[in-house]
Amino acid sequence: MKKKLLALLMTMIMSISLSACGASSSQTGESTANANDSKGQKVVLGINDWPGGYWWLAVDKMGYFDEQGVDVEVKLFSNYSDGLNALNSGKIDLFVPALADIIPAYVRGADTKVIMVQDYSAGADGLIAKSDIKSVKDLKGKNVAIELGGSDHLFLLKCLENAGLTTKDVNLVNMSTGDASNAFISGQVDAAAIWEPSLSMAQKETGGNILASTKDAEYEGLIPAVLATNGNALKTKREEIKKVMKAWFNARDGYENKFDEFAKDVSSGAEVSPEEFKTLMEGCAVRTMDENAEAFKDGDTYVSLKKCSSMLSEFLYDNGLIDSKPDNFDSLFDSSIFDEVYAEMNK
């Protein structure tokens, strides 16, 4: 009888223990689920091989997204066009293109929104030529590699214009930026209009002359990189996107005060060394909150997004890259998220 009572007692104790363990596991699982839910919906952010775009790798690695409680996947697109297409098709929520490159899709009816200016090229785009070519005027009759319709196509036209030349004076060879760099390095063309890191690589390999770059005062604001989203993400992930933007602005502290760690985190996700990243950033002017506020206002220089877009649409239309010019760009730009972020971060 005693043995039966003892066995019954042990069974009860084990049942209670198992119940407690089950409750604990359930509570732990619930806590984990709640923690994940607190981050809201996942945001997929596309970047490409551009110095300012590399910043996002450090924003992620250094925990700035975690500080804001937002779940972000940073996806590097080696093929720039793939990133643009992914944004327009809704496969990603955010992308960092040059402003000129989203206007054609916008004209065709894509529901694309520019919500922040990330940076301006300040030397990261350039026109490089063989060492015996000393000026843009010397390009007359030469073969120049360029990705037609891209930002550096515009830059090249401005360079030619300032030198008293037109596209009729040179032989344009259409190819992607990466191919243009390789073609120049191998001697297949005399010059190329390309961006970093291809620009530095081409100069290092050939000793060529950079005839002009966006560091020159006359090209200030000509090539802005913007943070763009699509209409669906703006509607369904608005709060998450706000947190992404806050993380970006907070990361400036890491860049300025913990640069070695910042550069190392960039290097771990991109094919550039910390030293190369430092050099590349010399040609990329990352915009502050106050500079973003100015960019969304009307203005007479290319720093104004509306002014710049008007100029870009003229360029695209004149070169047959869009069928019509918009009367305005009011629906392309949406500063509402930035305005909220600015107000909340400057209380």
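Placed above this text is the structure.
These numbers come from a predicted model, not from an experiment.

Visitor: An account of the overall build of the chain is requested, with residue identities and associated values reported.
Guide: Helix and strand counts for the chain come out as 15 helices and 11 strands. Here the chain, with 347 residues, has 48% of them falling under the buried criterion. Counting only contacts in the chain whose residues sit at least 6 apart along the sequence, the fraction spanning at least 24 positions is 80%. Summed over its atoms, the accessible surface of the chain is roughly 16800 Å², and 47% of this surface lies on carbon and sulfur atoms.

Visitor: Residue-level account of empty space enclosed by the protein, with values.
Guide: Summed over the entire model, instances satisfying the criterion amount to 1 cavity of 30 Å³ or more. Estimated volume of the largest cavity: approximately 120 Å³. Lining the largest cavity are 13 residues, with N48, W50, Y80, P97 and A98 sitting closest to its centre. By residue class, the composition of the lining of the largest cavity is 9 nonpolar, 2 polar and 2 charged.

Visitor: So what's going on with the pairing of strand β1 (residues 43–48)? Which residues, and what values?
Guide: Here β1 lies mainly inside the structure; 6 of its 6 residues are buried. Burial of β1 is two-sided: the residues V43, L45 and I47 facing one way and the residues V44, G46 and N48 facing the other way are all buried. Judged from the 6 bridges that link them, β1 and strand β2 (residues 72–77) form a sheet pairing that is parallel. Across the sheet, L45 pairs through a bridge with V74, a residue of β2. Pairing of β1 with strand β3 (residues 94–95) involves 2 bridges; the strand directions are parallel. Among the inter-strand pairings, G46 is bridged to a residue of β3, identified as F95.

Visitor: Tell me about the side chain of S181, and name the residues and values.
Guide: By secondary structure assignment, the location of S181 is in helix α7 (residues 177–185). You can call S181 buried: its relative accessible area is 1%. Apart from residues lying up to four places away in sequence, S181 is in contact with I194, S198 and A202.

Visitor: Please give an account of the sheet that holds strand β8 (residues 191–195) that cites residues and values.
Guide: With respect to topology, 5 strands assemble into an open sheet ordered β7-β6-β8-β5-β9, the strand pairing being mixed. Edge positions in the sheet fall to β7 (171–174) and β9 (209–213), since each of these pairs with one other strand and no more. The mean angle between the axes of side-by-side strands here comes to 25 degrees, regardless of whether they run parallel or antiparallel. Where strand β6 (residues 143–146) lies against β8, 2 bridges are found, and the strand directions are parallel. Each residue of the ladder has a partner; that of V144, found in β8, is A191.

Procedures and definitions
Residues numbered from 1 in each chain as written. Predicted model: local features only at pLDDT ≥ 70, side-chain atom pairs only at ≥ 80, totals over all residues. Heavy atoms only, no water. Helix = DSSP H or I, 4+ residues; strand = E, 2+ residues; numbered from the N terminus. Buried < 20%, exposed > 50% of the residue type's maximum accessible area, 1.4 Å probe, protein only. Contact = heavy atoms within 4.5 Å. Areas by Shrake-Rupley, 256 points an atom, 1.4 Å probe, with all protein chains shown as cover. 1 Å grid on protein atoms, 1.4 Å probe; cavity = no way out; pocket = protein on both sides within 12 Å on 5 of 7 lines; lining within 4 Å. Points joined across faces, edges and corners; volume = space filled by probe spheres on them. Nonpolar A, V, L, I, M, F, W, Y, C, P; charged D, E, K, R; others polar. Pairing = 2+ DSSP bridges. Axes fitted to C-alpha atoms, helices over the stretch in contact; angles between N-to-C directions.

Read these as geometric descriptors, not functional statements.
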